Amino acid sequence: MAGDPNAPHFPRSAPIDAYGKGGFAFAGMSHRGSLLCLPDAIWAWDVTDPAKIDRYSLDRVFAAANNIDTLLIGTGTGVWLPPPALRQALKAVRVVLDTMQTGPAVRTYNIMIGERRRVAAALIAVP
């Protein structure tokens, strides 16, 4: 399941204007906490530690995989290597996984959506 479709979310993609202080700014709004940015919506994401990233936490990505070519994961301020099983599960639905710290992930995401690429981003908030 892809979570509650009625949960609060922003109903389209948007560039991330700022990040830090535990949240993000986009589309004239600010959000405290992590974000899951999909091609058709931006959702609050309850992950605060890369160790908690798994297939379940990325359920919305798997549900939308037909519209996504690349998933960027912003790992906060640290480096995280995804478990091989997660990389294989994404590969099975034809989504390329790229992990990096949240700052570079935000910049890469903004460039890719500016190029109208089929990109999603799972971004852990940084202090």
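Described below are features of the structure shown in this document. (Residues numbered from 1 in each chain as written. Predicted model: local features only at pLDDT ≥ 70, side-chain atom pairs only at ≥ 80, totals over all residues. Heavy atoms only, no water.)

## Looking at the sheet that holds strand β3 (residues 23-26)
Strand order in the open sheet made by the three strands is β2-β3-β4, with antiparallel pairing throughout. In this open sheet, the two edge strands, each paired with only one partner strand, are β2 (16-20) and β4 (29-32). Strand after strand, the sheet turns through a mean of 15 degrees between neighbouring axes, direction not considered. For β3 and β4, the ladder comprises four bridges, and the chain directions are antiparallel. Directly across from phenylalanine 26, in β4, lies its bridge partner methionine 29. Packed onto the sheet, helix α3 (residues 102-114) meets β2 and β3 and runs at close to 175 degrees relative to β2. (Pairing = 2+ DSSP bridges. Helix = DSSP H or I, 4+ residues; strand = E, 2+ residues; numbered from the N terminus. Axes fitted to C-alpha atoms, helices over the stretch in contact; angles between N-to-C directions. Contact = heavy atoms within 4.5 Å.)

## Digging into the sheet that holds strand β6 (residues 41-45)
The six strands lie next to each other as β1-β6-β5-β9-β7-β8, forming an open sheet whose pairing is mixed. Unpaired on one side and paired on the other, β1 (9-10) and β8 (96-100) mark the two borders of the sheet. Sheet topology note: the β1/β6 ladder contains two bridges and is antiparallel. Note on β6: the bridge partner recorded for phenylalanine 10 is isoleucine 42. Against the sheet, α3 makes contact with β5 (34-38), β7 (70-74), β8 and β9 (119-123), and its axis sits at roughly 150 degrees relative to β7, the strand it touches most.

## A look at α3
Count 3.6 residues to each turn of an α-helix, and residues three or four apart come out pointing the same way. Helix length check: α3 (13 residues) gives 18 Å between terminal C-alpha atoms against 18 Å at 1.5 Å per residue, within 8%. Trailing α3 by a residue or two, arginine 116 shows a phi angle of about 60 degrees, which is positive. (Expected span 1.5 Å × (residues − 1).)

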